[in-house]
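Spelled out from the first residue to the last, the chains are:
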Amino acid sequence: DAGVIQSPRHEVTEMGQEVTLRCKPISGHDYLFWYRQTMMRGLELLIYFNNNVPIDDSGMPEDRFSAKMPNASFSTLKIQPSEPRDSAVYFCASSLGQGWTDTQYFGPGTRLTVL
Amino acid sequence: AQSVTQPDIHITVSEGASLELRCNYSYGATPYLFWYVQSPGQGLQLLLKYFSGDTLVQGIKGFEAEFKRSQSSFNLRKPSVHWSDAAEYFCAVGAGANAGKSTFGDGTTLTVKP
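Residues numbered from 1 in each chain as written. Chains lettered and ligands numbered in written order. Predicted model: local features only at pLDDT ≥ 70, side-chain atom pairs only at ≥ 80, totals over all residues. Heavy atoms only, no water.

Draft legend 1. Here's a closer look at the environment of P114(B). Residue and element names in this part refer to chain B. Along the chain, P114 falls in the segment after strand 12 (108-113). By relative accessible area, P114 is classed as exposed at 95%. Along the primary structure P114 and Y50 are separated by 64 residues, whereas in three dimensions their C-alpha atoms are 32 Å apart. (Helix = DSSP H or I, 4+ residues; strand = E, 2+ residues; numbered from the N terminus. Buried < 20%, exposed > 50% of the residue type's maximum accessible area, 1.4 Å probe, protein only.)

Written out as structure tokens, the structure reads:
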């Protein structure tokens, strides 16, 4: 199994630009999670999906952030427009069945730098 | 709502010494508890998890953790630390009606001295 795949691994962009992060979960997993990790705030859950449907987006910082899951094998996290304070490592994770009892498998992350 | 506290931000131990990383949780019912490890530049990897049953849980890489309900704790231990264990460790609790929403602690960074 290839595990959770994220792209790009690194992204450097300028303030005001649109950024799209991509995630391919492990095949057969019903839950998909987007996290953000910074030194100041640690690991934060942004949003999670169950069977492609967003369940809880209360962690999304503001309207500039949006996430979609058009099918079971693909999700995107978009920031438009990006700001320097969005610089962080963004992780995608997936889990099988009941996410709160099952292990979350994390991708390698996307390191985003907004200049 | 559940919460997790990892009291130690940074711990340094000598290679071969024993290790204990502390984790305290807050939740009204039986929690679902996890320990993850994050090596530099990598994603999180599950070390072990507790749902029910035996309160001493064995995980990968020689780690174990003990659930103590009376102390609301789930401390991670290893009898002999290896240099490759240097990483950041996260405790997490998952519970409640909002299935899937685990709460993570702030992490403990482990440094291993030669």
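Draft legend 2. Just the sheet that holds strand 7 (residues 65-71) of chain A, in detail. Residues and elements named next belong to chain A. Read across the sheet, four strands follow the order 1-3-8-7 without closing on themselves; strand pairing throughout is antiparallel. Two strands bound the open sheet, and with one partner strand each, they are strand 1 (5-7) and strand 7. Sheet twist, expressed as the mean angle between neighbouring strand axes with direction ignored, is 15 degrees. Where strand 3 (residues 19-24) lies against strand 8 (residues 74-79), five bridges are found, and the strand directions are antiparallel. Note on strand 8: the bridge partner recorded for L21 is L77. (Pairing = 2+ DSSP bridges. Axes fitted to C-alpha atoms, helices over the stretch in contact; angles between N-to-C directions.)

Draft legend 3. Molecular detail of the layout of surface pockets. In this structure, the largest pocket encloses a volume near 510 Å³. Along its surface, the largest pocket is lined by 22 residues, and Q37(A), M39(A), R111(A), Q38(B) and E88(B) are the ones closest to its centre. Of all the secondary-structure elements, those providing two or more residues to the lining of the largest pocket are strand 4 (31-38), strand 9 (88-95) and strand 11 (110-114) of chain A together with strand 10 (87-94) of chain B. With three residues, strand 10 of chain B is the largest single contributor of residues to the lining of the largest pocket. Looking at side-chain class alone, the lining of the largest pocket contains seven nonpolar, eleven polar and four charged residues. (1 Å grid on protein atoms, 1.4 Å probe; cavity = no way out; pocket = protein on both sides within 12 Å on 5 of 7 lines; lining within 4 Å. Points joined across faces, edges and corners; volume = space filled by probe spheres on them. Nonpolar A, V, L, I, M, F, W, Y, C, P; charged D, E, K, R; others polar.)

Read these as spatial facts, not as claims about activity.
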